[in-house]
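# Structure at a glance
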Amino acid sequence: MSKASGIADLSAAKLRSWLLARMRGQKEDPPVSELHMESPDDYVATIYEQSRDKAFRTRLEKAAVAALAEAAQGNLREGPDARAVRYLAELADTLELRAAESTLRGIAERGAFGGHDGALDADAEELVLFALAGLQAPGELYSRWLAMWKSELPRLWPVVTAGLRISDSHRALEILPEAVERACRYPAFPLGDVLWAFATDMTYKPGVIAGALASLSNEARRRCREALEALGAEKNELDAWVPDRGPKGSTTPAWARHKHKGPDLPPRLHDKAA
């Protein structure tokens, strides 16, 4: 079974069984390579992406959605089904399996998304929420994400920011100043990652992120710039996203204040993965 060609010949039902056994850790064939920090879903995503057989890709998509639904019926606090949900949610996210959205939402409802903190395996819950964030219908779940943002669950705040941003990118801008404030209170909050995700989201027009952060103090502004710089942001990007205060306290980026001397956009704003 270790060869991709053998897996490609499986029926949808047998693919589902193979996926469940692999993701539950009952039979990982081929074995996971710890040397490459591989997870059980990586191999599946690779054979899917390398295949040119549309029929096989369709069977695998349906099998992954069915396997997730089956695993979701089990104990999701711990054990093999919780493990399977963790990796199948990641696979659904990687392959952009929209058909898995309702199952992911149902799993999330059993946890903090439905007001039940501690009801799910922590790793499984986080990956389910990340997958749900990427596969959700625009705007539909915004109020649910916002309710989670207002809850005292710091471990889930990072994924909630993704859920808010992808659900309604413009309304989500409202939480950015509060995200900076929370980073001051909770050092583990990945401020740089959150800001980077917003700043590199192509939904936003130039200047929007700077405008959302305009109310920040100089100290908070410095903290944001340092967090972004640690991730590789260059000065032109920092000046576009979190500009230092200019003349008379203006937060308009220098490159925008002097447009007659250059282009309307900073010289470099790479499209980096969020």
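This report concerns the structure included in the present document.

Each value, and the rule that gives it
Residues numbered from 1 in each chain as written. Predicted model: local features only at pLDDT ≥ 70, side-chain atom pairs only at ≥ 80, totals over all residues. Heavy atoms only, no water. Helix = DSSP H or I, 4+ residues; strand = E, 2+ residues; numbered from the N terminus. Contact = heavy atoms within 4.5 Å. Phe/Tyr/Trp six-rings, centres within 6.5 Å; stacked < 30°, edge-to-face > 60°. Buried < 20%, exposed > 50% of the residue type's maximum accessible area, 1.4 Å probe, protein only. Salt bridge = Lys/Arg side-chain N within 4 Å of Asp/Glu carboxyl O.

Locating Tyr 186 in the fold gives a position in the loop between helix H11 (176-185) and helix H12 (191-199). In this structure, the C-alpha to C-alpha distance between Tyr 186 and Pro 154, residues 32 residues apart in sequence, is 7.8 Å. Not counting chain neighbours up to four residues away, the residues in contact with Tyr 186 comprise Glu 152, Pro 154 and Trp 157.

Centre distance and the angle of the planes are the two values used to describe a pair of aromatic rings. Overall, the coordinates contain 6 aromatic pairs when judged by the stated rule. An angle of 65° between the planes, with centres 6.5 Å apart, marks the rings of Trp 149 and Phe 189 as edge-to-face. Highlighted residues: Trp 149 in helix H8 (residues 142-150) and Phe 189 in the loop between H11 and H12, separated in sequence by 40 residues. A centroid spacing of 6.2 Å and a plane angle of 15° characterise the contact between Phe 198 and Tyr 204, whose relative ring orientation is stacked. Like Phe 198, the residue Tyr 204 is buried in the burial classification.

Next up on the list: the side chain of Ser 169. Tracing the chain through its elements places Ser 169 in helix H10 (residues 169-172). Residue Ser 169 is classed as buried on the basis of its relative accessible area of 11%. With residues near it in sequence (within four places) discarded, Ser 169 still touches Leu 164, Thr 203 and Tyr 204.

Going through the model one piece at a time under the given rule, you end up with 18 salt bridges. In this structure, Lys 235 engages Asp 239 in a salt bridge whose closest nitrogen and oxygen atoms are separated by 2.7 Å. Of this pair, Lys 235 and Asp 239 are both found in helix H15 (residues 235-241), 4 residues apart, which corresponds to roughly one turn of the helix. On the basis of relative accessibility, which here comes to 57%, the residue Lys 235 falls in the exposed class. Salt bridges linked by common partners bring Arg 225, Lys 235, Asp 239 and Asp 244 together as one network.

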